[in-house]
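Next come the chains, spelled out residue by residue.
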Amino acid sequence: MGQPRTAVVTGASAGVGRATAIALAERGFDVALLARGRQGLDAAARDVEQRGRRALPIEVDVADARAVDAAATQIEDELGPIDVWVNDAMTTVFAWSWDVHPDEWKRATEVTYLGQVHGTLAALARMRPRDRGRIVNVGSALSYVGIPLQGPYCAAKFACRGFFESVRSELLHTKSNVTISMVHLPAVDTPQFDWCEDRLPNRPQPVAPIYEPDVAARAIVAAALDGRRSSVLGSWNRLVVAATKVAPGVLSHFVARTSVDGQQTDEPRHADRPANLWKPVDDDCDAGARGRFGDDAHGFLTPSFLRMLPSTATQLARAAGDTAREKFDVVVRRTTTGSG
């Protein structure tokens, strides 16, 4: 691709998107910042400019395909040809699936999944005629395993992975020099746990092990620079993804046992806290890249996570027992009913 110079990051006002914009600026990119919150966008632009690069903050809802395409045109007019496009924008609802309203399922899907579709298509419309460029879509370990209380997010991330695989195969078939990559992230300490819609009794938290946004950003930038197909960040998450292939039943029972309590702190939920499902919450204040879990955001070697490993091993053994009983019950039912 040669020396890239213009990058686009969606969801750039906070969290992983914000950290990625900074990391790209530090690697010499001018950065277009796409998000909804004005204060967050302006602060992100200052972060990029402080690193000696040009910033172009654009208020846009990635659920709006026309708005995303118009933003791409503006970016090329003001910053030049787009070399890298990172799709990171997301939103979700923390709740039991049956407590999520149909319009909330639709909204979370439009932002988290269709936002990646819209960004990818806008990038391809400009990159394919030039036969160069790199797209990086941000996935998750939850692109491979669904966990309780995150139905909208898991469903959208599964869809993102299928979309990525299809587009990649099409680019390969046409022998395009445009690449598309996917970086699957672990739990990351971002502001999302304080502003995504939730109906849990206690405040939501990421499932350990937790990583800092800067770690995620480095993996995303590495994919943008070398065009690698995909990567899963974090050794624990690589084990989880492997388990979906070799022991999916055990993994399902394990997350059913551990992930409901594991996604909630001991603090009661604030009923009146703002949520960003329908409108940004960083219009009036800058949330930054990091959330409130920095003390525990040291990845696999976080002491609190290491202390959990004996309990984790016990829960895995119990999950294996649950799986065996489930299979036995299926055999009994088939024998009793004469089916199979």
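The rules behind the values
- Residues numbered from 1 in each chain as written.
- Predicted model: local features only at pLDDT ≥ 70, side-chain atom pairs only at ≥ 80, totals over all residues.
- Heavy atoms only, no water.
- Buried < 20%, exposed > 50% of the residue type's maximum accessible area, 1.4 Å probe, protein only.
- Helix = DSSP H or I, 4+ residues; strand = E, 2+ residues; numbered from the N terminus.
- Pairing = 2+ DSSP bridges.
- Axes fitted to C-alpha atoms, helices over the stretch in contact; angles between N-to-C directions.
- Contact = heavy atoms within 4.5 Å.

Draft legend 1. How the structure looks around the pairing of strand 7 (residues 179-185). Here strand 7 lies mainly inside the structure; six of its seven residues are buried. Of the strand pairs in this sheet, strand 6 (residues 134-140) and strand 7 are connected by seven bridges, and their pairing is parallel. Residue pairing in the sheet places Gly139 in a bridge with His184 of strand 7. Examined bridge by bridge, strand 7 and strand 12 (residues 230-232) share three bridges and lie parallel to one another. When the bridges of strand 12 are listed, His184 appears paired with Val232.

Draft legend 2. Structural context of the environment of Thr190. Counting through the fold element by element, Thr190 comes out in the loop between strand 8 (187-188) and helix 7 (192-195). Note: C-alpha distance between Thr190 and Gly15 (175 residues apart in sequence) is 4.7 Å.

Draft legend 3. Molecular detail of the environment of His270. Structurally, the position occupied by His270 is in the loop between strand 13 (264-268) and helix 11 (303-337). Remark: the alpha-carbon pair of His270 and Arg203, spanning 67 residues in sequence, is separated by 7.4 Å.

Draft legend 4. Molecular detail of the sheet that holds strand 3 (residues 55-59). If you trace the seven strands from one edge of the open sheet to the other, you get 3-2-1-4-6-7-12, paired in parallel fashion. With partners counted over all chains shown, the strands left at the sheet margins are strand 3 and strand 12, one partner each. Averaged over all neighbouring strand pairs, the angle between strand axes comes to 15°, with direction disregarded. Here helix 2 (residues 38-49) sits on the sheet in contact with strand 2 (30-35) and strand 3, set at roughly 170° to strand 3.

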